[in-house]
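# Notes for the structure review
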Amino acid sequence: MFTEKFKSLAANKFFEKIVILVILISAFMIGLSTYSVPEWIENFIYFFDISITVFFAIEIFIRFKSYNKVLNFFKNGWNIFDLLIVIGSLIPLDGSETVFLGRLLRIVRVLRLVSFLPELRTLVAILYRALPKIGNIVLLMFILFYIYGGFGSLLFAEINPSYWGDISIAMLTLFRVLTLENWSEVMYETMSVYPISWIYYVSFIFITVFALINMMVGVVVDEFLTNTESKLISKLENNQQMMRDNQQIIISSEDKIRKKLDRIEKKLNGDL
(Lines give C-alpha, C1' and ligand atoms only; values in the text may rest on other atoms or scores of the structure.)
Protein backbone atom coordinates (compact mmCIF):
# COMPACT_ATOMS: atom_id res chain seq x y z
CA MET A 1 0.00 0.00 0.00
CA PHE A 2 2.64 2.52 1.10
CA THR A 3 4.99 1.30 -1.64
CA GLU A 4 2.45 2.26 -4.31
CA LYS A 5 2.01 5.71 -2.77
CA PHE A 6 5.76 6.26 -2.62
CA LYS A 7 6.09 5.02 -6.20
CA SER A 8 3.36 7.40 -7.35
CA LEU A 9 5.01 10.31 -5.53
CA ALA A 10 8.50 9.51 -6.87
CA ALA A 11 7.15 9.36 -10.44
CA ASN A 12 5.15 12.58 -10.04
CA LYS A 13 6.41 15.25 -12.47
CA PHE A 14 5.57 18.07 -10.06
CA PHE A 15 7.62 16.40 -7.33
CA GLU A 16 10.56 16.05 -9.75
CA LYS A 17 10.32 19.75 -10.62
CA ILE A 18 10.41 20.63 -6.92
CA VAL A 19 13.56 18.53 -6.46
CA ILE A 20 15.21 20.21 -9.47
CA LEU A 21 14.28 23.64 -8.07
CA VAL A 22 15.78 22.73 -4.67
CA ILE A 23 18.99 21.56 -6.38
CA LEU A 24 19.25 24.87 -8.25
CA ILE A 25 18.63 26.86 -5.06
CA SER A 26 21.25 24.73 -3.30
CA ALA A 27 23.76 25.54 -6.06
CA PHE A 28 22.97 29.25 -5.72
CA MET A 29 23.47 29.13 -1.95
CA ILE A 30 26.78 27.32 -2.33
CA GLY A 31 27.96 30.01 -4.73
CA LEU A 32 26.74 32.74 -2.37
CA SER A 33 28.69 31.20 0.52
CA THR A 34 31.97 31.83 -1.35
CA TYR A 35 31.48 35.61 -1.08
CA SER A 36 32.09 37.84 1.90
CA VAL A 37 28.57 38.34 3.21
CA PRO A 38 27.13 39.66 6.48
CA GLU A 39 26.94 37.27 9.41
CA TRP A 40 23.16 37.02 9.30
CA ILE A 41 23.35 35.80 5.69
CA GLU A 42 25.98 33.22 6.69
CA ASN A 43 23.66 31.97 9.43
CA PHE A 44 20.76 31.86 6.99
CA ILE A 45 22.86 29.86 4.48
CA TYR A 46 23.91 27.46 7.24
CA PHE A 47 20.36 26.70 8.40
CA PHE A 48 19.08 26.64 4.82
CA ASP A 49 21.77 24.09 3.97
CA ILE A 50 20.53 21.90 6.82
CA SER A 51 16.98 22.17 5.46
CA ILE A 52 18.13 21.19 1.97
CA THR A 53 20.06 18.23 3.36
CA VAL A 54 16.96 17.05 5.25
CA PHE A 55 14.84 17.51 2.11
CA PHE A 56 17.27 15.42 0.04
CA ALA A 57 17.33 12.73 2.73
CA ILE A 58 13.52 12.55 2.67
CA GLU A 59 13.49 12.55 -1.12
CA ILE A 60 15.96 9.67 -1.37
CA PHE A 61 13.97 7.79 1.30
CA ILE A 62 10.79 8.18 -0.79
CA ARG A 63 12.56 6.84 -3.86
CA PHE A 64 14.05 4.01 -1.81
CA LYS A 65 10.65 2.96 -0.46
CA SER A 66 9.05 3.19 -3.91
CA TYR A 67 10.74 -0.09 -4.85
CA ASN A 68 9.12 -3.38 -3.92
CA LYS A 69 12.54 -4.94 -3.33
CA VAL A 70 15.54 -3.15 -1.81
CA LEU A 71 17.95 -4.62 -4.37
CA ASN A 72 15.97 -3.07 -7.23
CA PHE A 73 16.88 0.36 -5.91
CA PHE A 74 20.59 -0.42 -6.18
CA LYS A 75 20.27 -1.87 -9.68
CA ASN A 76 19.89 1.69 -10.98
CA GLY A 77 23.29 3.40 -11.13
CA TRP A 78 21.73 6.87 -10.84
CA ASN A 79 20.08 5.87 -7.55
CA ILE A 80 23.47 4.87 -6.14
CA PHE A 81 24.95 8.13 -7.41
CA ASP A 82 22.24 10.20 -5.71
CA LEU A 83 22.49 8.16 -2.50
CA LEU A 84 26.25 8.72 -2.22
CA ILE A 85 25.83 12.47 -2.72
CA VAL A 86 23.07 12.65 -0.10
CA ILE A 87 25.15 10.63 2.37
CA GLY A 88 28.09 12.95 1.69
CA SER A 89 25.87 15.95 2.39
CA LEU A 90 25.31 14.64 5.92
CA ILE A 91 28.94 15.45 6.78
CA PRO A 92 28.77 18.39 9.23
CA LEU A 93 30.31 21.72 8.23
CA ASP A 94 31.32 22.86 11.72
CA GLY A 95 33.43 21.34 14.43
CA SER A 96 34.80 18.61 12.22
CA GLU A 97 38.06 17.79 10.49
CA THR A 98 36.10 16.86 7.38
CA VAL A 99 34.72 20.36 6.79
CA PHE A 100 36.55 20.71 3.48
CA LEU A 101 35.25 17.36 2.24
CA GLY A 102 31.74 18.30 3.32
CA ARG A 103 31.88 21.55 1.36
CA LEU A 104 33.19 19.75 -1.72
CA LEU A 105 30.37 17.21 -1.59
CA ARG A 106 27.81 20.01 -1.25
CA ILE A 107 29.15 21.51 -4.47
CA VAL A 108 28.86 18.10 -6.14
CA ARG A 109 25.15 18.10 -5.25
CA VAL A 110 24.59 20.16 -8.39
CA LEU A 111 25.40 17.00 -10.38
CA ARG A 112 22.11 15.55 -9.16
CA LEU A 113 20.51 17.54 -11.97
CA VAL A 114 21.94 14.94 -14.32
CA SER A 115 19.92 12.13 -12.72
CA PHE A 116 16.67 14.12 -13.00
CA LEU A 117 16.99 15.41 -16.57
CA PRO A 118 16.76 12.66 -19.23
CA GLU A 119 18.60 14.78 -21.81
CA LEU A 120 21.63 15.14 -19.52
CA ARG A 121 21.54 11.42 -18.70
CA THR A 122 21.63 10.69 -22.42
CA LEU A 123 24.66 12.94 -22.92
CA VAL A 124 26.48 11.32 -20.01
CA ALA A 125 25.68 7.86 -21.40
CA ILE A 126 27.02 8.89 -24.81
CA LEU A 127 30.24 10.23 -23.29
CA TYR A 128 30.61 7.06 -21.22
CA ARG A 129 30.29 4.85 -24.31
CA ALA A 130 32.77 7.04 -26.17
CA LEU A 131 35.39 6.87 -23.39
CA PRO A 132 37.25 3.77 -24.68
CA LYS A 133 37.79 5.33 -28.11
CA ILE A 134 38.62 8.72 -26.60
CA GLY A 135 41.07 6.96 -24.25
CA ASN A 136 42.97 5.54 -27.23
CA ILE A 137 43.17 9.00 -28.80
CA VAL A 138 44.35 10.50 -25.48
CA LEU A 139 47.04 7.81 -25.24
CA LEU A 140 48.24 8.65 -28.74
CA MET A 141 48.25 12.35 -27.82
CA PHE A 142 50.33 11.62 -24.73
CA ILE A 143 52.89 9.75 -26.86
CA LEU A 144 53.07 12.71 -29.25
CA PHE A 145 53.35 15.15 -26.32
CA TYR A 146 56.18 13.07 -24.90
CA ILE A 147 58.05 12.92 -28.21
CA TYR A 148 57.59 16.60 -29.00
CA GLY A 149 58.33 17.51 -25.36
CA GLY A 150 61.60 15.58 -25.53
CA PHE A 151 62.63 17.31 -28.76
CA GLY A 152 61.59 20.70 -27.38
CA SER A 153 63.56 20.21 -24.17
CA LEU A 154 66.69 19.19 -26.11
CA LEU A 155 66.44 22.01 -28.65
CA PHE A 156 65.05 24.97 -26.72
CA ALA A 157 66.06 24.48 -23.05
CA GLU A 158 68.86 27.04 -23.28
CA ILE A 159 66.59 29.61 -24.92
CA ASN A 160 63.99 29.65 -22.15
CA PRO A 161 64.34 27.11 -19.28
CA SER A 162 60.99 28.18 -17.81
CA TYR A 163 59.29 26.81 -20.94
CA TRP A 164 61.64 24.01 -22.00
CA GLY A 165 63.78 23.23 -18.92
CA ASP A 166 62.78 19.55 -18.77
CA ILE A 167 60.37 17.25 -20.52
CA SER A 168 57.50 17.80 -18.05
CA ILE A 169 57.71 21.60 -18.38
CA ALA A 170 58.05 21.21 -22.16
CA MET A 171 54.87 19.11 -22.26
CA LEU A 172 53.06 21.78 -20.25
CA THR A 173 54.27 24.39 -22.75
CA LEU A 174 52.98 22.20 -25.57
CA PHE A 175 49.60 22.08 -23.85
CA ARG A 176 49.59 25.86 -24.02
CA VAL A 177 50.39 25.59 -27.72
CA LEU A 178 47.55 23.07 -28.07
CA THR A 179 45.07 25.58 -26.64
CA LEU A 180 46.39 28.18 -29.12
CA GLU A 181 46.75 30.65 -26.23
CA ASN A 182 49.54 33.08 -27.25
CA TRP A 183 51.39 30.14 -28.80
CA SER A 184 52.96 32.41 -31.42
CA GLU A 185 54.83 34.21 -28.62
CA VAL A 186 56.55 30.93 -27.70
CA MET A 187 57.27 30.17 -31.35
CA TYR A 188 58.80 33.57 -32.17
CA GLU A 189 61.05 33.30 -29.12
CA THR A 190 62.64 30.09 -30.42
CA MET A 191 62.63 31.34 -34.01
CA SER A 192 64.97 34.15 -32.96
CA VAL A 193 67.60 31.45 -32.44
CA TYR A 194 66.35 28.69 -34.77
CA PRO A 195 64.52 30.33 -37.71
CA ILE A 196 63.05 27.03 -38.96
CA SER A 197 61.66 26.05 -35.56
CA TRP A 198 58.22 27.07 -36.84
CA ILE A 199 58.07 23.61 -38.44
CA TYR A 200 58.10 22.11 -34.94
CA TYR A 201 55.06 24.12 -33.82
CA VAL A 202 53.05 23.96 -37.04
CA SER A 203 53.47 20.19 -37.34
CA PHE A 204 52.46 19.74 -33.69
CA ILE A 205 49.34 21.89 -34.13
CA PHE A 206 48.33 20.10 -37.34
CA ILE A 207 48.65 16.66 -35.74
CA THR A 208 47.03 17.43 -32.37
CA VAL A 209 44.55 20.25 -32.97
CA PHE A 210 43.41 19.60 -36.53
CA ALA A 211 43.63 15.81 -36.44
CA LEU A 212 43.38 14.25 -32.98
CA ILE A 213 41.06 16.81 -31.36
CA ASN A 214 38.71 16.57 -34.34
CA MET A 215 38.89 12.79 -34.04
CA MET A 216 37.63 13.12 -30.43
CA VAL A 217 34.76 15.30 -31.59
CA GLY A 218 34.02 12.80 -34.36
CA VAL A 219 33.88 9.92 -31.87
CA VAL A 220 31.36 11.77 -29.68
CA VAL A 221 29.26 12.79 -32.70
CA ASP A 222 29.32 9.21 -34.00
CA GLU A 223 28.10 7.91 -30.63
CA PHE A 224 25.39 10.57 -30.57
CA LEU A 225 24.21 9.60 -34.07
CA THR A 226 24.32 5.92 -33.12
CA ASN A 227 22.22 6.64 -30.03
CA THR A 228 19.72 8.64 -32.10
CA GLU A 229 19.55 5.89 -34.71
CA SER A 230 18.98 3.27 -32.02
CA LYS A 231 16.12 5.31 -30.58
CA LEU A 232 14.53 5.74 -34.02
CA ILE A 233 14.85 2.01 -34.76
CA SER A 234 13.37 1.16 -31.37
CA LYS A 235 10.50 3.59 -31.92
CA LEU A 236 9.91 2.18 -35.41
CA GLU A 237 9.87 -1.38 -34.07
CA ASN A 238 7.41 -0.36 -31.36
CA ASN A 239 5.17 1.28 -33.95
CA GLN A 240 5.33 -1.82 -36.15
CA GLN A 241 4.47 -4.00 -33.18
CA MET A 242 1.51 -1.74 -32.35
CA MET A 243 0.35 -1.95 -35.96
CA ARG A 244 0.59 -5.75 -35.88
CA ASP A 245 -1.31 -5.82 -32.58
CA ASN A 246 -3.99 -3.51 -33.96
CA GLN A 247 -4.21 -5.58 -37.11
CA GLN A 248 -4.62 -8.71 -35.02
CA ILE A 249 -7.37 -7.02 -32.99
CA ILE A 250 -9.14 -5.98 -36.21
CA ILE A 251 -8.89 -9.50 -37.64
CA SER A 252 -10.18 -10.95 -34.38
CA SER A 253 -13.06 -8.45 -34.34
CA GLU A 254 -13.93 -9.27 -37.96
CA ASP A 255 -14.00 -12.97 -37.10
CA LYS A 256 -16.34 -12.32 -34.18
CA ILE A 257 -18.60 -10.15 -36.32
CA ARG A 258 -18.62 -12.74 -39.10
CA LYS A 259 -19.54 -15.49 -36.63
CA LYS A 260 -22.35 -13.39 -35.19
CA LEU A 261 -23.65 -12.65 -38.70
CA ASP A 262 -23.52 -16.36 -39.51
CA ARG A 263 -25.52 -17.18 -36.37
CA ILE A 264 -28.07 -14.48 -37.19
CA GLU A 265 -28.34 -15.75 -40.77
CA LYS A 266 -28.88 -19.33 -39.54
CA LYS A 267 -31.59 -18.19 -37.16
CA LEU A 268 -33.34 -16.27 -39.93
CA ASN A 269 -33.17 -19.28 -42.25
CA GLY A 270 -34.52 -21.52 -39.50
CA ASP A 271 -37.47 -19.22 -38.84
CA LEU A 272 -38.26 -19.16 -42.52
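Residues numbered from 1 in each chain as written. Predicted model: local features only at pLDDT ≥ 70, side-chain atom pairs only at ≥ 80, totals over all residues. Heavy atoms only, no water.

## Digging into the packing of aromatic side chains
Applying the stated criterion to the full structure yields 15 aromatic pairs. Ring geometry for F156 versus Y194: centroids 6.1 Å apart, planes at 50°, classification tilted. Remark: Y194 occurs in the loop between α11 (183-191) and α12 (198-271) and F156 occurs in helix α8 (residues 118-156); sequence separation between them is 38 residues. The class of F156 is buried, set by a relative accessible area of 2%. Classification of Y194 as partly exposed rests on a relative accessible area of 37%. Seen from their ring centres, F206 and F210 are 5.1 Å apart, and the 70° between their planes marks the pair as edge-to-face. Placement of the pair is F206 and F210 together in helix α12, with a separation of four residues, close to one helical turn. In textbook terms, an aromatic cluster arises when at least three aromatic residues are bridged by ring pairs, as seen for F145, Y148, F156, W164, Y194, Y200, Y201 and F204. (Phe/Tyr/Trp six-rings, centres within 6.5 Å; stacked < 30°, edge-to-face > 60°. Helix = DSSP H or I, 4+ residues; strand = E, 2+ residues; numbered from the N terminus. Buried < 20%, exposed > 50% of the residue type's maximum accessible area, 1.4 Å probe, protein only.)

## Considering the environment of L174
Following the sequence through the fold, L174 ends up in helix α10 (residues 167-178). We classify L174 as buried; its relative accessible area is 0%. Put simply, L174 and V186 are 12 residues apart on the chain and 9.7 Å apart in space, counted from C-alpha to C-alpha. Setting aside its immediate chain neighbours within four residues, L174 contacts F145, Y148, G149, W164, Y200 and F204. (Contact = heavy atoms within 4.5 Å.)

## Brief notes about helix α2 (residues 13-32)
The first and last C-alpha atoms of α2 sit 29 Å apart over 20 residues, in line with the 28 Å expected at 1.5 Å per residue. Of the positions making up α2, those classed as buried are F15, V19, I20, V22, I23, S26, M29 and I30. (Expected span 1.5 Å × (residues − 1).)

## What to know about a nonpolar patch on the surface
A cluster of nonpolar side chains, namely L139, L140, F142, I143, Y146, I147, F151, L154 and L155, defines an oily patch on the protein surface of about 920 Å² accessible area. Along the polypeptide, I143 turns up in helix α8. (Patch = residues over 30% accessible without salt bridge, like charges linked within 9 Å, V, L, I, M, F, W, Y side chains within 5 Å. Areas by Shrake-Rupley, 256 points an atom, 1.4 Å probe, with all protein chains shown as cover. Salt bridge = Lys/Arg side-chain N within 4 Å of Asp/Glu carboxyl O.)

## Topic: the nonpolar core
The biggest cluster of nonpolar side chains holds 25 residues, and the ones touching the most others in it are M141, F145, W164, L174, Y200, Y201 and F204. If you list the elements that add at least two residues to this core, you get α8, α9 (161-164), α10, α11 and α12. Non-local contacts of F145, meaning those with residues more than four positions away in its chain, are made with M171, L174, F175, L178 and F204. Within the second largest apolar cluster, 14 residues are counted, among which are F15, V22, V86 and F116. (Core = buried A, V, L, I, M, F, W, Y, C linked by side-chain atoms within 4.5 Å.)

## Quick word on a positive patch on the surface
Positive charge collects at one region of the surface, where K256, K259, K260 and R263 lie side by side. Summarising the element assignment, K260 is placed in helix α12. (Lys, Arg positive; Asp, Glu negative; His and termini not counted. Charge placed at Lys NZ, Arg CZ, Asp CG, Glu CD.)

## Some words on the pattern of salt bridges
Counting across every chain of the model gives four salt bridges. For R63, the salt bridge is made with E59, and the minimal N-O distance between the two is 3.0 Å. Taken together, the residues span about one helical turn, with R63 and E59 both in helix α3 (residues 39-65) at a distance of four residues. Taken individually, R63 and E59 each receive the classification buried, so the pair is uniform in this respect. Of the charged contacts, one joins E223 and R129 as a salt bridge, the two residues approaching to 3.5 Å between their closest N and O atoms. Taken together, the residues span a long stretch of sequence, with E223 in helix α12 and R129 in helix α8 at a distance of 94 residues. In this structure E223 comes out as buried when scored by relative accessible area, which is 11%.

No statement about biological role is implied by the geometric values presented.
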